[in-house]
Amino acid sequence: QVQLVESGGGLVQTGGSLRLSCAASGRTFNTYFMGWFRQALGKEREFVAAISMPGSMISYADSVKGRFTISRDNAKNTVYLQMNSLKAEDTAVYYCAGGRVGISTIGSSYNYWGQGTQVTVSS
């Protein structure tokens, strides 16, 4: 069992930056690939970024490429999402997720989910 807790969300102006963190419990964090998803009000959940266990494989949604960076620190059982050049359309609840199938953009591939953290970008 893995428990995930996100933090770092908040209110930021357009063009600003935020860094989200996702702390995982358990001693097997480095056996999970990790992902970030987001869900805006009234919209479906969408993939943002994912990273493999050692961090050597990374995938991003086209909408965040060049602006967001996913990383992980297996020694700290934490995955990060650095978000730069934020836009109003990045406003959403951001969720981290963990899975073992393989790096994936599909939510159903992930077994564990955090409770989410709100990111609001004001224009």
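Here the structure is a predicted model, which means the values were calculated and not measured.

J.: How should I be thinking about the overall build of the chain in this particular structure?
T.: On a plain count of helices and strands, the chain comes out with zero helices and eleven strands. When its helices and strands are written in sequence order, the chain yields β-β-β-β-β-β-β-β-β-β-β. Relative to the compact-globule value of 14 Å for 123 residues, the chain shows a C-alpha radius of gyration of 13 Å, a close match. Its C-alpha atoms give the chain principal-axis dimensions of about 40 × 25 × 25 Å. By residue count, 45% of the 123 residues in the chain fall in the buried class. The contacts of the chain with a sequence gap of at least 6 include a subset with a gap of at least 24, amounting to 58%. For the chain, the accessible area works out to roughly 6300 Å², and carbon and sulfur atoms hold 48% of it.

J.: Looking at this structure, how should I read the pairing of strand S1 (residues 4-7)?
T.: Looking down a regular strand, the side chains alternate between one sheet face and the other. Burial along S1 is one-sided: Leu 4 and Glu 6 are buried, and none of Val 5 and Ser 7, which face the opposite way, are. With four bridges joining them, S1 and strand S3 (residues 18-24) adopt antiparallel strand pairing. The residue of S3 that forms the bridge with Val 5 is Ala 23.

J.: Can you help me understand the state of the cysteines in this one?
T.: Covalently bonding the sulfur atom of one cysteine to the sulfur atom of another cysteine gives a disulfide. Counted according to the given criterion, the structure contains one disulfide. Across the disulfide, Cys 22 is cross-linked to Cys 96 (sulfur-sulfur distance 1.9 Å). Classification of the bridge connecting Cys 22 and Cys 96 rests on its S-S torsion, roughly 40°, and on that basis the disulfide is right-handed. Of this pair, Cys 22 sits in strand S3 while Cys 96 sits in strand S9 (residues 92-99), placing them 74 residues apart in sequence. Cys 96 carries the same exposure label as Cys 22, and that label is buried.

J.: Help me out: how do you make sense of the environment of Ala 75 in this one?
T.: The topology assignment puts Ala 75 in the loop between strand S7 (68-73) and strand S8 (78-83). The sequence separation of Ala 75 and Arg 100 amounts to 25 residues, and the corresponding C-alpha distance is 18 Å.

J.: Would you mind showing me how to read the packing of aromatic side chains here?
T.: Think of a pair of aromatic rings as described by two things: how far the centres are apart, and how the planes are tilted against each other in angle. The tally for this structure, following the rule as stated, stands at six aromatic pairs. Their ring planes at 70° and their centres at 5.7 Å tell us that Tyr 32 and Tyr 112 sit as a pair that is edge-to-face. Linking Tyr 32 in the loop between S3 and strand S4 (33-39) with Tyr 112 in strand S10 (residues 112-113), this pair joins segments that are 80 residues apart in sequence. Centroid distance Phe 37 to Phe 47: 5.7 Å. Interplanar angle 75°. Geometry classified as edge-to-face. Here Phe 37, found in strand S4, pairs with Phe 47, found in strand S5 (residues 46-51); they are ten residues apart in sequence, far enough to count as distant. Of the residues examined, Phe 47 reaches a relative accessible area of 12% and is grouped as buried. Following the ring pairs from residue to residue traces out a cluster consisting of Phe 33, Phe 37, Phe 47, Tyr 110 and Trp 113. The ring of Phe 37 is capped by Arg 45, whose NZ or CZ atom sits 5.7 Å from the centre of that ring.

Scoring rules and cut-offs
Residues numbered from 1 in each chain as written. Predicted model: local features only at pLDDT ≥ 70, side-chain atom pairs only at ≥ 80, totals over all residues. Heavy atoms only, no water. Helix = DSSP H or I, 4+ residues; strand = E, 2+ residues; numbered from the N terminus. Rg over C-alpha atoms; globule rule 2.2 N^0.38 Å. Buried < 20%, exposed > 50% of the residue type's maximum accessible area, 1.4 Å probe, protein only. Contact = heavy atoms within 4.5 Å. Areas by Shrake-Rupley, 256 points an atom, 1.4 Å probe, with all protein chains shown as cover. Pairing = 2+ DSSP bridges. Disulfide = S-S within 2.5 Å. Phe/Tyr/Trp six-rings, centres within 6.5 Å; stacked < 30°, edge-to-face > 60°. Lys NZ or Arg CZ within 6 Å of the ring centre and 35° of its normal.

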